[in-house]
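Okay, here's what each chain looks like letter by letter:
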Amino acid sequence: MDPPRRFCPPGPGPGPVVPVPRGLRGLAAFSPRLPSPGPAQPRLPSSPFPALFRRLGLEERPLERPLGRGGAGNGKAPALAGPVQQKEEDTGAALGALPTRGQAQGTKPVGKGATVSVGLNFVKIHCQNEAVYQYHVTFSPEVECRGARLAMLKEQHAVTGDVMAFDGSILFLPIQIPKVSLKAWRRSDGEEISINIQMTKVLEPSSDLCIPFYNVIFRRVMKILNMSLVGRHFFEPAQATSLQKYSLHIWPGYAVSIRRKDGGLFLMVDAIHKIIRSESVLSVMQTIHAQSQRTFQDECTKQLVGSVVMTRYNNRTYRVDDIDWDKTPKDTFTLASGQEITFVEYYSKTHGITIRELDQPLLVHKPKEKLMPQGKRQLDLVLLVPELTFLTGLSDLRKNSRMLKDVMWEMIQSPQQHYQRLTSLLRRIRDSPEASRELERWGLCLDTDIYRTQGHILPVERIILRHRSFLPAEDVGWHREVAKEAPIAAISFNSWLLVYPKRLQHLAKDLLGAMRNSSGAMGIQVGQPIVQELRDDRIESYVRSIQSSLGSQNKVQMLLCIIPNGRDDVYGAIKKLCCVQSPVPSQVINAQSLTGHPGKIRSVVQKVLLQINCKLGGQLWGVDIPLKQLMVVGMDIHHSRSPGMRSVIGFVASMNHILTKWYTRAVFQMPHQEIADSLRLCLSQALKRFYELNHTLPMKIVVYRDGVSDPQLDTVLKYEVPQLQKSFQTFQNYQPSLVVVVVQKQMSTNFYCLTGEELVSPPLGTVIDHSVTSSGRQDFFLLAHHSRQGCSVPTHYICMWNTANLSSEHLQRLTFKLCHLYWNWPGTVRVPAPCKYAHKLAFLVGQVLHHEPSAQLSEQLFFL
Amino acid sequence: MDKNFQEEFTQIIKFQPPLYKQRYQFVKDLVEKYKPKKVADLGCADCSLLWMLKFCSCIEVLAGLDICANVMKEKMHTLSPLPVDYLQPSERSLTVTLHHGSVAHKDPCMLGFDLVTCIELIEHLEESELKKFPEVVFGFMAPSIVVISTPNSEFNPLLPRVMLYRHPDHKFEWSQAQFQSWALETARCYNYSVEFTGVGHPPTGMEKVGFCTQIGVFVRKCPQTGESVQSEKPTEAVYKTVFKAVYPSLKDEKYLQNAVISEVVFTAQIIKHRLMSKRKEYGDDPERKPKSQPSMDYFPDHLGKLLVEKNMEPFVSGNEVYIPLTAIFSFPKVNRLCGTFEKLCKLIAGKVALSSDGSAVMLNIEHENEEN
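None of these values were measured; they are calculated from a predicted model.

J.: How should the overall build of chain B be read in this particular structure?
T.: A tally of helices and strands in chain B yields eleven helices and eleven strands. Looking at chain B residue by residue over its 372 residues, the buried ones come to 51%. Of the contacts made within chain B by residues no fewer than 6 positions apart, 74% connect residues no fewer than 24 positions apart. Summed over its atoms, the accessible surface of chain B is roughly 18200 Å², and 54% of this surface lies on carbon and sulfur atoms.

As structure tokens, then:
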């Protein structure tokens, strides 16, 4: 049984104080004295999109290709002298200790330091009942059918009361009843059955065992409020916004779940949207047909396979895995009764739907392999009629930036708007007697407002360039500085290749000029390139020209290509050539990003120069890293959208102590396998290389593992940690300490800052490591990045393994520092840089290269 | 209450499809035949018949009534509109309502129905309720058609394990003669005609016992004119409404407007696309590489010709393309949705960018270039 947990209100209570390691004290010296927070200032409206890409799982714009398409992240935000939260100098000394499992209160100590009051999208649930009683129910003679068992027990409500949760053998009741034996009558054959009910446990009402049926109850509440369950979330199609121009509907909805956290039971609510096409898949296909008759089938496969569709006749969603061009709705399938029936007839009979187009192909959905209950055969394939299905999501929207912008505009929610949607849900539950009663039956009572608590703010990090270091202004990043000052290490390029088609000649000229102008300030020397002007922009022209130049010219340092807009094929071909076949750093620039006014081109070129510098092995900026003998590793996995394709693990390990040199590997593994099998190999090679470079091995290894969902956490412990440890055996007597941190960014957790009238985003570096954290784990939420518009979604870090005894505070500080080191973005990013690098690498390899990149490139950030 | 259970498990006689499905199918066939607009199911239990009927496109009002609210609530959400129904609202309107109450009581919400079904209901009624039942259904509700089904007790010896009645809640089970005399008397009293049939054929050689389920279809003799006939109707509502769902429909201005705007915008884009690609053919911009434009088999030929007619021709002025509303109105989909040109203008007013005189849809040329 669960030990009772009491919830202590967070506050600067007397936490155990631990001696502070020297490194951290040193750090504290960097922390500046800053004025105390003034009144909240309005945030400047600027490009709203980076924050939204994140919400959609899209990336911040990578510098290389899409530049100029969305205009996002061009550093347009004017310098903002916003209020900077006060940072305490002696953060280190005042910090709390590492929480341990056995702590008396079961809560984690609240880190002191600069605090900020933070609201979360959590609603506290008060359990008003004393207990939940668990019973074991047996039927004799045995009743096979679960439905019949349920029905028979239900008839005993005189004994059990109306309120019950029963799964067929275990019964939960809010009341205590004595052991009973009841007589019942089986409907099917009239046989008399005796039902024995015996109490097995008295549960605390917030017990983990109750969570599943609490969630069932809450689903019922949402249904009472007239919301439709689509997939796992609830939506209100009646409240849809329609974007007629794009035939899109946007449904508002909620993602809700009840979870137990350190601070007790919480309802987690997120205000979400679903995008759905208001035209059927059939008319999408007709549009494709009208546009490209010759490549119609390929184009359909490209656009439809992998996307998720909803059907006209039920609430279900299906992933399209294939298109069966040989089948039509006139074909037959077999009903459960064994009867053969055509699709046309079936939909007409059971759903009253007339299929109009009789010659459409059918969409194929392959259900996931599941362990079915004995005897039941799994359905092999699900065939769907395009006319009766609708596309969901944004699958093909990325192509059309205007559409993307418009859609984003509809979905954008400020913290205040997000908060209002949450409170409106709470109000609707309160105002519906039936919905409230559903919760009350189990003694569950929702708070009337969101959960508010104290977080602390990590100190601002000092950015180190070659000649000076500085404190970045809040929210702005250091775009200006990196464009005007020398990076830590600049690599000049003297022997390089410039490739472009003849008709883009003028762009090439502009580019060269701008490069010369900008490179000086950055301390990069740009020599005269070897120019290859192509007659046309066919793939073969590019490939042949590049190949011949690389073959004849010795030591080409890198190549720069200008390609026409929208030519992903050319991009792919160049990358395959330069990353796999003839390894050389390469930079591909989309022609569109070089068109526009000179100011825009200058900023594009500055970014290109920085990126090239990284690709050549240069180093842009750093932060102070007090931990010595440290190696930081980032890992992420890319799963292919098309079925049957292998997944790619991106692996990135630091090679110097200021964490500015990286060793990278990408390895393939079987489809949709989340366990990184090749970890041992990657890490031992990284360690070997580390030894060659530093003549010593790291004594602390901190691994940031991205792309793990909650149910998979155990596999990290069971499979990945042992693999990592095995790699240490490559060396004699080598036993470094290991920290493995799981990084979860698609969390539906939101932070709101409660200063002032309106809710706004909290400052960068806000951490919450209590109350909403998981019991028995060292975990925390860190908001490292700034979202210009939309809500602040912190990243969740779960420390799965910690033999270095790194305290929570140290881990938080290290993590925040790493969020400053992604060189593609002169600002903070939401995950540690090595994770972001690993992600970029895995994405390039999985999406474009489809081969392991050449080992020669493993010490350059060639994938940026 | 549990009218579907008992026959399914019989071992000697097994009905295929199950008898309850045959009863529902019988009602559905009846609906297809008479096309009633308003249908009520008395004793709707878990709403499965109502769920089947909601797909019948003639029905605009569906109501259910049951004495047990919990049974209705269990699956009532299956009667809610599906999310996809909002994407393409249907032409017909549909409202589904569930009431909690007894067939022995009159409530004005049950007036004006075309068809009332009482499937396996009457055998659950206490004697006192059964006495009031004809007056409530035939006298008060007075729909054009009433369907009543009930077990045929003569069939029971063929069913294994049926001791007295097929279900413990049954208050009686009638022979064919008993049912028919009750039905004929009721029909006579309230001026209905009745025909008898059933589902669940008896085994060969035993045809005499009749259908397993006996059904009476009552048709009102004199078609009433509206609701004028009954004078002393109680205005007092005694039923409790437990569920109500209004389906999105084009009859609702809000959805109609949405649909019209979608169609107008979509049509305008097609016309613009066509115009722009025509202009491109004449090579207005030597810098731009000719691109393959979506082909024009998009709309039928006769429409293309229609557009050429005067004052329907789209034109470019400055940065805008103007597409006359008359051209858009000539598209069959738009035409069918709006009916009249005036209605079209009214529906899109303020929602779509129009030229200053309101005669043409205005689109920006710029979009085109960015989209490609």
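After that view of the structure, there is still more to cover.
J.: Would you take a moment to explain the nonpolar core for this structure?
T.: It is characteristic of soluble globular proteins that their nonpolar side chains tend to be buried jointly. Counting residues in hydrophobic clusters, the biggest one holds 107 residues, and the most contacted among them are Phe493, Met515, Tyr704 and Tyr837 of chain A. Counting residues in each nonpolar core, the second largest holds 41 residues, with Val27, Cys47, Met72 and Val242 of chain B among its members.

J.: Just checking my understanding: could you explain the packing of helix 14 (residues 505–522) of chain A against helix 17 (residues 598–615) of chain A for this structure?
T.: Between two packed helices, what matters for the description is the angle formed by their axes and the separation of those axes. Residues and elements named next belong to chain A. At a minimum axis separation of 9 Å, helix 14 and helix 17 run at an interaxial angle of 65°. Considering only the axes of helix 14 and helix 17, their crossing is right-handed. Residue-level contacts link Leu511, Ala514, Met515, Ser518, Ser519 and Met522 of helix 14 to Ile601, Arg602, Val605, Gln606, Leu609, Leu610 and Ile612 of helix 17. For the contact of helix 14 with helix 17, the class distribution of residues is nine nonpolar, three polar and one charged.

J.: Help me out: how do you make sense of the pattern of salt bridges in this one?
T.: Where charged atoms from two side chains of opposite charge approach closely, those side chains can pair. All names here are of chain A. All told, the structure shown has 32 salt bridges over all chains when counted by the stated rule. A salt bridge links Arg220 to Glu438; the nearest nitrogen and oxygen atoms lie 2.7 Å apart. Note that Arg220 is positioned in helix 6 (residues 211–224) and Glu438 in helix 12 (residues 433–440), a separation of 218 residues in sequence. The class of Arg220 is partly exposed, set by a relative accessible area of 39%. With a closest N to O distance of 3.6 Å, Arg567 and Asp537 form a salt bridge. In this pair, Arg567 is assigned in the loop between strand 27 (558–563) and helix 16 (568–581) and Asp537 in the loop between strand 26 (530–534) and helix 15 (539–552), connecting sequence segments 30 residues apart.

J.: Quick question: what am I supposed to make of helix 11 (residues 415–431) of chain A here?
T.: Residues spaced three or four apart along an α-helix face the same direction, because each turn holds 3.6 residues. Across its 17 residues, helix 11 of chain A extends 24 Å between first and last C-alpha, which sits within 8% of the 24 Å expected from 1.5 Å per residue. Residues Pro415, Gln416, His418, Tyr419, Arg421, Leu422, Thr423, Leu425, Leu426 and Ile429 of chain A constitute the buried set of helix 11 of chain A.

J.: What am I meant to see in unusual backbone geometry here?
T.: Phi is mostly negative for residues that are not glycine, and the peptide bonds are mostly trans. A cis geometry characterises the amide bond from Ser140 of chain A onward to Pro141 of chain A, with omega recorded as -10°. Counting through the fold element by element, Pro141 of chain A comes out in the loop between strand 3 (132–140) and helix 4 (146–154). Positioned with a positive phi, Asn226 of chain A is a non-glycine residue whose angle comes to about 70°. With respect to the secondary-structure elements, Asn226 of chain A resides in the loop between helix 6 and strand 8 (228–230). With a phi close to 50°, Glu120 of chain B is a non-glycine residue in the positive phi region. The topology assignment puts Glu120 of chain B in the loop between strand 4 (115–119) and helix 4 (127–141). For Glu120 of chain B, a relative accessible area of 2% corresponds to the buried category.

J.: Before we go on, may I ask you to explain the sheet that holds strand 22 (residues 452–457) of chain A in this structure?
T.: Adjacent strands of a sheet pair through backbone hydrogen bonds, lying either parallel or antiparallel. All names here are of chain A. Taken together, eleven strands build an open sheet; the order of strands is 31-30-29-32-33-37-36-35-22-1-34 and the sheet is mixed. With one partner strand each, in any of the chains shown, strand 31 (662–669) and strand 34 (751–753) form the two edges of the open sheet. In this sheet, neighbouring strand axes are inclined to one another by 30° on average, regardless of whether the strands run parallel or antiparallel. Where strand 32 (residues 700–706) lies against strand 33 (residues 737–744), seven bridges are found, and the strand directions are parallel. Note that in strand 33 the partner of Arg705 across the bridge is Val742. Taken strand by strand, helix 20 (residues 808–818) contacts strand 22, strand 29 (630–638), strand 32, strand 33, strand 35 (766–768), strand 36 (778–783) and strand 37 (795–802), and its axis lies near 35° from that of strand 36.

J.: I'm lost on the pairing of strand 12 (residues 264–280) of chain A in this one. Help?
T.: Remark: a regular strand shows side chains that alternate across the two faces of the sheet. All names here are of chain A. Within strand 12, 16 of the 17 residues are buried, which leaves it mostly tucked inside the rest of the structure. Two elements, strand 2 (residues 122–127) and strand 12, share three bridges in a ladder whose sense is antiparallel. Among the inter-strand pairings, Val123 is bridged to a residue of strand 12, identified as Leu267. The sheet contact formed by strand 11 (residues 248–261) and strand 12 spans 14 bridges and is antiparallel. Counted as the bridge partner of Arg260 is Leu265 from strand 12. Where strand 11 hands over to strand 12, the hairpin turn is made up of two residues, counted between the paired strands. For strand 12 and strand 20 (residues 389–392), the ladder comprises two bridges, and the chain directions are antiparallel. Of the residues in strand 20, the one forming a bridge with Ile276 is Thr392.

J.: Explanation requested: the domain arrangement of chain B in the structure shown.
T.: When the parts of a complex come together, some accessible area is lost, and that lost area is often used as the size of the interface. Its domain assignment divides chain B into domain 1 (19–224 + 232–247) and domain 2 (252–281 + 311–371). Centre-to-centre separation of domain 1 of chain B and domain 2 of chain B, based on C-alpha positions: 49 Å.

How each quantity is defined
Residues numbered from 1 in each chain as written. Chains lettered and ligands numbered in written order. Predicted model: local features only at pLDDT ≥ 70, side-chain atom pairs only at ≥ 80, totals over all residues. Heavy atoms only, no water. Helix = DSSP H or I, 4+ residues; strand = E, 2+ residues; numbered from the N terminus. Buried < 20%, exposed > 50% of the residue type's maximum accessible area, 1.4 Å probe, protein only. Contact = heavy atoms within 4.5 Å. Areas by Shrake-Rupley, 256 points an atom, 1.4 Å probe, with all protein chains shown as cover. Core = buried A, V, L, I, M, F, W, Y, C linked by side-chain atoms within 4.5 Å. Axes fitted to C-alpha atoms, helices over the stretch in contact; angles between N-to-C directions. Left-handed = near helix turned anticlockwise from the far one by under 90°. Nonpolar A, V, L, I, M, F, W, Y, C, P; charged D, E, K, R; others polar. Salt bridge = Lys/Arg side-chain N within 4 Å of Asp/Glu carboxyl O. Expected span 1.5 Å × (residues − 1). Pairing = 2+ DSSP bridges. Domains from an automatic or database assignment.

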